[in-house]
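The chain contents come next:
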Amino acid sequence: MRILGKEYRTIWYENDVVKIIDQTKLPHNFIIKNLETVDHAVNAIKSMEVRGAPLIGATAAYGIALAIKENNDLKFIKKSSEELVNARPTAINLQWAVHRINNKLSFIKSEDLFDVALKEAEEICNEDINFCKNIGLEGLKIIEKIYEEKKNTVNILTHCNAGWLATINWGTATSPIYHAHKKGIPVHVWVDETRPRNQGANLTSFELNEEGIPNTIITDNTGGILMQRGEVDMCIVGTDRTLSTGDVCNKIGTYLKALAAHDNNVPFYVALPSSTIDWETKDYNKIPIEERNSEELSHIEGKDEKNNIKKVLIYPENSKSMNLAFDITPAKYVTGLITEKGICQASAVGLKQMFNR
Ligand code: MRU
């Protein structure tokens, strides 16, 4: 998708380095950064220069190629793989990508390891682009149906950033929106700010603006009253891990939005590529929920009147705070899962049938 009118992917390999868009600098500064070592890749994931489940999976995949470039000893590759998987605990895509690359590397001659890892990382990215495109075409059918009935702008609420910046291109939750816009269907997006890191305001609103899609940023607590007033036609969110039971783990606050949607008969969809499905874990209480530094709550960053980026303390100096990054939306509150293969029920049966497992 576009930034300043030019097409980008979120990650690519060029001149022997991995290139990323540093998402900690958006929306005020657009900076492309080089990752040259596996440590760079681990730090980019931890510091959220790259974030969003599919993108951190892809970064980990490239990270293994970078590790091999530094040292193709199997022990080093194993240690690097563990560091990449542990960089963030909740999104299953990290494990999925690292296992996929490592499986590909078994029985490969040491001199070919780098080429095979790099090719597989690129394959993961290309596959994600196709999957996200299909998610868009599937989700478009829902938006079209609402538009046919309503014959007026379709208002969609989304949480956090499950946009193209969270994937390689298109996004998951935003892909149906981009496809509807391209088809000429009038859409307007309610963008949850998504405290504390404000991925909604800083990233989702930014990328929708760049594509010319009308959107309005709201605080995380505003969705409920908008639903009561009939100003939300549907919700679409992404996910960091969806269990085979259909239970959805996503950015903190998703659950409360799903409850409000349920209470107001607003359809609540979750968009995901199959790389985000955890087929092993059955109990959502077993999902590791990331707890991030409480400084993300107590401090806020913004641009001052002289265009300098500044970080300021907004809490009482000695107050304690807690920063859980994800929550769980039980399957019963999810209207449907929009996947690359089609739309299915958020249930064991729905997922099993869709993916033939
Ligand atoms: O903490 P983040 O910014 O990595 O969280 C991202 C989300 O919660 C997204 O909704 C999720 O990764 C889906 S990405 C298509």
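Residues numbered from 1 in each chain as written. Predicted model: local features only at pLDDT ≥ 70, side-chain atom pairs only at ≥ 80, totals over all residues. Heavy atoms only, no water.

Participant: Even after reading the chapter, I still don't get helix 5 (residues 113-150), so can you show me in this structure?
Facilitator: In this model helix 5 runs 55 Å from its N-terminal to its C-terminal C-alpha over 38 residues, within 8% of the 56 Å that 1.5 Å per residue would give. At the exit of helix 5 stands Lys151, carrying a positive phi of roughly 55°. (Helix = DSSP H or I, 4+ residues; strand = E, 2+ residues; numbered from the N terminus. Expected span 1.5 Å × (residues − 1).)

Participant: What exactly am I supposed to notice about the pattern of salt bridges here?
Facilitator: Close approach of charged atoms allows side chains with opposite charge to pair. Inspection of every chain in the model, using the stated rule, returns 21 salt bridges. A salt bridge links Lys109 to Asp112, with the nearest nitrogen and oxygen atoms 3.8 Å apart. Of the charged contacts in the structure, one is a salt bridge between Arg197 and Glu296, with a shortest N-O distance of 2.6 Å. Residue Arg197 is found in the loop between strand 7 (187-192) and helix 7 (199-210), and its partner Glu296 is found in helix 10 (residues 295-298); the two are separated by 99 residues along the sequence. Judged by its relative accessible area of 27%, Arg197 falls in the partly exposed class. A relative accessible area of 15% places Glu296 in the buried class. Among the ionic contacts, a cluster of salt bridges with common partners joins Arg88, Arg197, Glu290, Arg292 and Glu296. (Salt bridge = Lys/Arg side-chain N within 4 Å of Asp/Glu carboxyl O. Buried < 20%, exposed > 50% of the residue type's maximum accessible area, 1.4 Å probe, protein only.)

Participant: Quick question: what am I supposed to make of the site of the ligand here?
Facilitator: Neighbouring the ligand are 19 residues; Arg51, Arg88, Gln199, Asn250 and Lys251 lie closest to it. In this structure, Ala53 approaches the ligand through a main-chain N or O atom, which is 2.9 Å from an oxygen atom. Note that an oxygen atom of the ligand is positioned 3.0 Å from one of the side-chain N or O atoms of Asp240. Bound to the protein, the ligand loses 100% of the 420 Å² it would expose on its own. When atoms are counted within 2 Å of each cavity's grid points, the one that captures over half of the ligand is the largest cavity. Elements with a minimum of two residues in the shell around the ligand: helix 2 (53-70) and strand 11 (248-251). Residues lining the shell around the ligand come from more than one domain, with at least three contributed by each of domain 1 (2-127) and domain 2 (138-355). (Near = heavy atom within 4 Å. Polar contact = N/O pair within 3.5 Å; in protein donor to acceptor, adjacent residues only side chain to side chain. Areas by Shrake-Rupley, 256 points an atom, 1.4 Å probe, with all protein chains shown as cover. 1 Å grid on protein atoms, 1.4 Å probe; cavity = no way out; pocket = protein on both sides within 12 Å on 5 of 7 lines; lining within 4 Å. Sits in = over half its atoms within 2 Å of the grid points. Domains from an automatic or database assignment.)

Participant: In this structure, what is going on with the domain arrangement of the protein chain? I would like to understand it.
Facilitator: By a widely used convention, the size of an interface equals the accessible area lost when the partners come together. Under the domain assignment, the protein chain is made up of domain 1 (2-127) and domain 2 (138-355). A separation of 24 Å is found between the C-alpha centroids of domain 1 and domain 2. Facing the 33 residues of domain 1 at the interface are 34 residues of domain 2. When domain 1 packs against domain 2, the two sides together hide about 2,800 Å² of surface, and 55% of this comes from carbon and sulfur. On inspection of domain 1 and its partner domain 2, the count reaches 16 residue pairs in polar contact (both at pLDDT 80 or more). (Contact = heavy atoms within 4.5 Å. Buried area = accessible area lost by both parts, 1.4 Å probe.)

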